[in-house]
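Residues per chain, in single letters:
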Amino acid sequence: MPIEPVLTKRIPLDPAQRKTYWYDDYIATGGYASLRKAIDTPPDELIKIVTDSGLRGRGGAGFSTGQKWSFIPKEKKGAHYLAVNADESEPGTFKDRYLLDYDPHQLLEGIAIACIATQVDVAYIFIRGEYHRQAKVLERAIHEAYEKGVFGQNGVYGSKYKVECHLHRGAGAYICGEETGLLEALEGKRGWPRNKPPFPAIAGAFARPTVINNVETLCCVPHILERGPAWFKTMGTPSSPGPKLFGMSGHVNKPGVYEDSLGITLDYAINTLAGGMKGGKFKACICGGISMGVLGTNQLDVKLDFDDVRFKGGCLGLGTAGMIVMNEHTDMVLALRNCVRFYSHESCGQCTPCREGSAWMRKILDRIVDGRGRAKDLEMLLELEKTMGIMPGTTICGLADGTAWSTRTFINKFYDEFAARCPDEPTKSVSLKVTRGRMNVVTPMGSNTR
Ligand SMILES: Cc1cc2nc3c(=O)[nH]c(=O)nc-3n(C[C@H](O)[C@H](O)[C@H](O)COP(=O)(O)O)c2cc1C
Ligand code: SF4
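All of these numbers come straight from a predicted model, not from anything done at the bench.

In this section: the overall build of the protein chain. What the protein chain contains, in helices and strands, is 18 helices and 14 strands. The 450 residues of the protein chain split such that 52% are buried. Of all intrachain contacts in the protein chain linking residues separated by at least 6 positions in sequence, the fraction that spans at least 24 positions is 70%.

As structure tokens, this is what we get:
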């Protein structure tokens, strides 16, 4: 049984009935009641409520939101900032767009509560450049919120908490979704991720303490305040509580955004929420944006929460829960080539393993797709993926881990399909030796020095 909608309670499943809830519509349906409650609750207590709810970030990493807020220094020595991550550039991910399109004040209410809890003066919503419509919706909603006394120097609904809110439009780079790349871009610089420490909670935007949260994460906050942490934990699993938006795309009959509990199975997501497979039997599913890797043919029973996808599913994690479902006719070599082409294009170039490794992987995959694959290519791809990422400790940000995990899971779970495109013969007959700077190419026809 699907849960009673929480984040999407103002968004009917039938697209024909959907409309944007502006300020008055939002108020008429109970909106901003939690913000009024937050004004009368001590900031520490707000952080405790969110920590007790077990809310984990919906932007990909699944870090505890309450804990993140608690890292912001309690003693205020200057400005604090909130950066709202509405970059949503992870392939297969389109759930934040849904919330922005129809219920922008739900986000603004979450923002205002987060600002009170962490003593933030200014919130910046960083929205991806391609989200033209959503940027317009947000501009109008922010304007309304200022007029109605949510934001501005008169204090949130006349209280002592003064919060400003600005929209910042990105220029269309995937790397600006990474939190410190986002901060650099916000400061008007090239979106290059920063080395950590210092972490943003200590030195973030403009070198001041900064909270960074995803749109869906902040949309959960008013509901937690309204109905309490215990209610939030009635949904989901003990380690991954709450509702979640699942973005279903690919070979399913009813692609779209569906809200349900964390911890539903992949089988349920495909067959109950998304109307079943289209065009053939299930083969694979990219489980949380392409950076998380792929779930294989026999993994329909994996639970879609932050732990099961990782420990049982063998992926990096649940990520954004942007699911790309693939049927039996999908060419996995082509699918992986697409993913790696994306990473090699989007790598910001600061770290050698990511910049060179992803380009090298793309070349190898191009060769395999063109029918010139060699057995050694698979070994090389698997060796390269092991060398890149925050996890092996060779790169600044997680884009490289995304490249590694998609490559690793695609090849390991669909090894035979890759191996069939990489026969042994060419590597047996051609060998390269470099002697005193000259390359000696040994072919079946003899040796040729050049
Ligand atoms: C390459 C890369 C791209 C990312 N893109 C996004 C994004 O578009 N939106 C997002 O919310 N988080 C994205 N993240 C995760 C953010 O760095 C950060 O963890 C998140 O915004 C924190 O918010 P949360 O705790 O509410 O999830 C990305 C991370 C990486 C490594
Ligand atoms: S891992 Fe890649 S994208 Fe991230 S900072 Fe390094 S080069 Fe840039």
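Now that the structure has been shown, the text picks up again.
Around ligand 1, 22 residues are found, and the nearest of them are Gly57, Gly59, Gly177, Asn214 and Gly398. Per-element tally for the shell around ligand 1: the top contributor is strand β4 (residues 210–214), with three residues. Classifying every residue of the shell around ligand 1 by side-chain character gives six nonpolar, 10 polar and six charged. Each of domain 1 (15–232) and domain 3 (332–420) gives at least three residues to the shell around ligand 1.

With that settled, the discussion passes to helix α3 (residues 43–53). Every buried residue of α3 is accounted for by Leu46, Ile47, Ile49, Val50 and Ser53. Axial view of α3: buried residues confined to an arc of 160°, hence all on one face. More than 90 degrees from the buried face of α3, the exposed residues found are Asp44 and Glu45. Residues of α3 that are buried in the fold lie against α2 (33–39), α4 (65–70), α6 (104–118), α9 (215–227), α10 (229–232) and β6 (240–241). In the stretch just after α3, Gly54 is the one whose phi turns positive, near 80°.

What links the strands of a sheet is backbone hydrogen bonding, and the strands pair in either a parallel or an antiparallel sense. Overall, parallel pairing links the four strands, which are arranged β3-β2-β1-β4 in an open sheet. Where the open sheet ends on each side, the last strands, each with one partner, are β3 (164–169) and β4. Mean inter-strand twist for the sheet, computed between neighbouring axes without regard to direction, equals 20°. Relative to strand β2 (residues 122–127), strand β1 (residues 81–86) runs parallel, the two being bridged by six bridges. When the bridges of β2 are listed, Leu82 appears paired with Ala123. Contacting β2 and β3, helix α7 (residues 132–147) runs over the sheet at an angle of about 165° to β3. Across the sheet, α9 is in contact with β1 and β4; its angle to β4 comes to roughly 95°.

In this section: the domain arrangement of the protein chain. Often the size quoted for an interface is simply the accessible area lost on bringing the parts together. Under the domain assignment used here, the protein chain contains domain 1 (15–232), domain 2 (237–327) and domain 3 (332–420). Inter-centroid distance (C-alpha atoms) of domain 1 to domain 2 is 26 Å. Class assignment for the residues of the side of domain 1 that touches domain 2 results in six nonpolar, six polar and four charged.

Turning our attention to the site of ligand 2. Around ligand 2, 14 residues are found, and the nearest of them are Cys348, Cys351, Cys354, Thr395 and Cys397. At the level of secondary structure, the elements contributing two or more residues to the shell around ligand 2 comprise α14 (352–369) and α16 (399–413). The residue makeup of the shell around ligand 2, split by class, is nine nonpolar, four polar and one charged.

It is worth spelling out the sheet that holds strand β9 (residues 282–286) at this point. Strand order in this open sheet of five strands is β8-β7-β11-β9-β10, and the pairing throughout is mixed. On the outer flanks of this sheet lie β8 (256–261) and β10 (294–295), each paired with one strand and no other. Note that strand β7 (residues 243–250) and strand β11 (residues 322–327) share four bridges and pair parallel. Residue pairing in the sheet places Met248 in a bridge with Met323 of β11. Each of β7, β8 and β11 is contacted by helix α5 (residues 95–102), which is oriented at about 115° to β7, the strand it contacts most.

Between helix α15 (residues 375–386) and α16, the shortest axis-to-axis distance is 9 Å and the interhelical angle comes to 145°. The hand of the α15/α16 crossing is left-handed. Along its contact with α15, which presents Leu378, Leu381, Leu382 and Glu385, the element α16 presents Ala404, Thr407, Arg408 and Ile411. For the contact of α15 with α16, a count of residues per class yields five nonpolar, one polar and two charged.

What follows covers the pairing of β9. The buried count for β9 comes to five of five residues, which makes it a mostly enclosed element. Of the pairings in the sheet, the one linking β9 to β11 comprises four bridges and is antiparallel in character. Residue Phe282 lies in a different strand from β11, and its bridge partner there is Asn327.

Take unusual backbone geometry next. Each neighbour pair has its own omega, and for Lys196 with Pro197 the value is -5°, a cis peptide bond. Mapped onto the secondary structure, Pro197 falls in the loop between α8 (179–186) and β4. Cis geometry is adopted by the peptide bond preceding Pro198, which originates at Pro197 and carries an omega value of 5°. In this structure, Gln119 is a non-glycine residue whose phi angle is positive, near 55°. Locating Gln119 in the fold gives a position in the loop between α6 and β2. Positive phi outside glycine occurs at Phe206, with the angle close to 50°. Take Phe206: it is sitting in the loop between α8 and β4. On the neighbour-count criterion, Phe206 (13 C-beta atoms within 10 Å) is partly exposed.

Of the residues in the protein chain, 94% have a pLDDT of 70 or more, and the chain-wide mean is 93. For the stretch residues 426–450, pLDDT sits under 50, and the model shows 20 contacts to residues farther than four places along the chain or on other chains.

Judged by the 9 C-beta atoms lying within 10 Å of it, Pro197 is exposed. Spatially, the C-alpha atom of Pro197 lies 30 Å from that of Thr409, the residues being 212 residues apart in sequence.

About the cut-offs
- Residues numbered from 1 in each chain as written.
- Chains lettered and ligands numbered in written order.
- Predicted model: local features only at pLDDT ≥ 70, side-chain atom pairs only at ≥ 80, totals over all residues.
- Helix = DSSP H or I, 4+ residues; strand = E, 2+ residues; numbered from the N terminus.
- Buried ≥ 20, exposed ≤ 12 C-beta atoms within 10 Å, placed from the backbone.
- Contact = placed C-beta atoms within 7 Å.
- Near = placed C-beta within 6 Å.
- Nonpolar A, V, L, I, M, F, W, Y, C, P; charged D, E, K, R; others polar.
- Domains from an automatic or database assignment.
- Arc of directions from axis to C-beta.
- Pairing = 2+ DSSP bridges.
- Axes fitted to C-alpha atoms, helices over the stretch in contact; angles between N-to-C directions.
- Left-handed = near helix turned anticlockwise from the far one by under 90°.
- pLDDT = per-residue confidence, 0-100.

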